[in-house]
Amino acid sequence: MISLERKLPVNLIEEDRELFAPHLRHEIPEPSLKYYHNVRATGMGILIKGLSLLPESFPDTLESKEWSWESNKYNRLPTKLKLIAKSHLSGRSKVVGVPCLWCTDTWSLSYFFWLTETLARLEFVRDKLDEGWPLVLPDHYLVVDFVKTTLSLFGIDNLLPVPLGHNHILREVHIPTRTAGIHHFNPELIRRVGERFRASGVIAPMAIGDKIHISRRKARIRRFINQDEVEAVFDQFGYTTVCMEDYSFRDQVGMLTQARVLASIHGAGLANMLMMRPGSTVFEMRMRGDFNSSFFNLASACGHPYYYQSCKPEHPELNEQKNNFIADIDLLRQNLERIEATRQA
């Protein structure tokens, strides 16, 4: 097992200590490489062996039963039998006779999980990729900007895509286990992914500076009700405010590899912190009282000092994923002043 130890937020408010305390120590398993023969890989991203769906098809292999709803959804008998029957339809199969790799699961097309888990798994099998082993993955992944751009930047071009409605029969497939559980990260692999982004040489699309504030102004949820005031304060402190949907993934790589401070409301855009050099600063604005530790944990894995600000929810009865927020503007100024003072010390 790998033992993880995390530091408290730089700007910890004492009454919040109990929120962070359970996350200061954690253990994750050492990743390993599993081997299977004669596996059917479907265009949906499900792996079938005989009459079973391989657990490596799903993201909850390291989780307790509370997370097993994803694999349970596919393992319901009618769904499972339908998947197996479709994989045996005549004329829909292609045999892959050489050793190959499979590194995705049913959550891998999520931006957050692609960056923090799938790329870490690819990094773990980097020696095999460099030897020319093909990577098998669902065909529809390759139309997604952040997927195709990452594979290109990382020099992963020996691909065997599986079209929807078809399957590849993999005579010898090697599958890296998950590098950490959900909400947790393998520091060595995460930092190697970051180094690979920084070595890509991608240039920012404009002179954007080294302090970036990601705005969710264009999002339907998890945005600030007082967005104009929030952006005005960030502007006063020299941050460039960006809406990530306005930029290609390649441009985002160019911006983040040059950044030294990343500030954002809780959301997948904060996963971009792994592109920054270790020792950069992360500032997460999140819902008061509702604590998802993902980005606190990721900042630790990346080697970034972590700051936070708790924000009042628009609808107290809803959870963070379904809410909008109101930022305390005076507290925001105090936090940005503290970040500046720490950086200049």
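Residues numbered from 1 in each chain as written. Predicted model: local features only at pLDDT ≥ 70, side-chain atom pairs only at ≥ 80, totals over all residues. Heavy atoms only, no water.

Attention now goes to the environment of E15. Tracing the sequence through the fold places E15 in the loop between strand 1 (2-5) and helix 1 (17-20). It is 33 Å that separates the C-alpha atoms of E15 and C243, two residues lying 228 residues apart in sequence. (Helix = DSSP H or I, 4+ residues; strand = E, 2+ residues; numbered from the N terminus.)

One finds L115, F197, L256, M273 and M275 to be the most contacted residues of the largest nonpolar core, which totals 59 residues. Secondary structure elements with two or more residues in this core: helix 4 (111-124), strand 9 (135-138), helix 6 (145-153), helix 7 (187-198), strand 13 (211-214), helix 9 (249-256), helix 10 (294-302) and strand 17 (306-313). Of the residues forming this core, the biggest block, seven residues, is contributed by helix 4. Not counting residues up to four positions away in its chain, the partners in contact with L256 are I212, M244, L262, N272, M275 and M276. In this structure, V230, Y239, F325 and I339 belong to the second largest nonpolar core, which totals 20 residues. (Core = buried A, V, L, I, M, F, W, Y, C linked by side-chain atoms within 4.5 Å. Buried < 20%, exposed > 50% of the residue type's maximum accessible area, 1.4 Å probe, protein only. Contact = heavy atoms within 4.5 Å.)

Spanning 12 residues, helix 7 covers 16 Å between terminal C-alpha atoms, matching the ideal 16 Å at 1.5 Å per step. Among all positions of helix 7, only L189, I190, V193, G194 and F197 are buried. What you see down the axis of helix 7 is that its buried residues fit within an arc of 145 degrees, all on one side. Where helix 7 is buried, its residues touch helix 4, helix 6, helix 9 and helix 10. Where helix 7 begins, the capping side chain belongs to N186, and its oxygen is found 3.2 Å from the backbone nitrogen of E188. (Expected span 1.5 Å × (residues − 1). Arc of directions from axis to C-beta. Polar contact = N/O pair within 3.5 Å; in protein donor to acceptor, adjacent residues only side chain to side chain.)

To continue, consider the pattern of salt bridges. Applying the stated criterion across every chain yields a total of 16 salt bridges. The shortest N-O distance in the salt bridge between R121 and D105 comes to 3.5 Å. Here R121 is found in helix 4, whereas its partner D105 is found in the loop between strand 8 (100-102) and helix 4, with 16 residues between them in sequence. In this structure, R121 and D105 share a single accessibility class: buried. In this structure, E123 engages R192 in a salt bridge whose closest nitrogen and oxygen atoms are separated by 3.5 Å. (Salt bridge = Lys/Arg side-chain N within 4 Å of Asp/Glu carboxyl O.)

Here we take up the packing of aromatic side chains. Summed over the entire model, instances satisfying the criterion amount to 17 aromatic pairs. When the centroid spacing of 5.2 Å and the interplanar angle of 40 degrees are considered together, the rings of W107 and F113 count as tilted. The exposure classification of W107 matches that of F113, with both residues buried. With a centroid separation of 6.5 Å and 45 degrees between ring planes, the pair formed by F234 and F283 is classed as tilted. One end of the pair, F234, is in helix 8 (residues 227-236); the other, F283, is in strand 16 (residues 281-287), and 49 residues separate them in sequence. Chaining the aromatic ring pairs together yields one cluster made of W107, F112, F113, F185 and F295. The residue whose ring lies beneath K128 is W133, and the NZ or CZ to ring-centre distance is 5.5 Å. (Phe/Tyr/Trp six-rings, centres within 6.5 Å; stacked < 30°, edge-to-face > 60°. Lys NZ or Arg CZ within 6 Å of the ring centre and 35° of its normal.)

A few words on the sheet that holds strand 9. Pairing is mixed across the open sheet formed by five strands, whose spatial order is 3-12-8-9-10. Each end of this open sheet is capped by a strand with a single partner; those strands are strand 3 (33-36) and strand 10 (159-162). In this sheet, neighbouring strand axes are inclined to one another by 35 degrees on average, regardless of whether the strands run parallel or antiparallel. Pairing of strand 8 with strand 9 involves two bridges; the strand directions are parallel. Within strand 9, the position partnered with L101 by the bridge is L135. (Pairing = 2+ DSSP bridges. Axes fitted to C-alpha atoms, helices over the stretch in contact; angles between N-to-C directions.)

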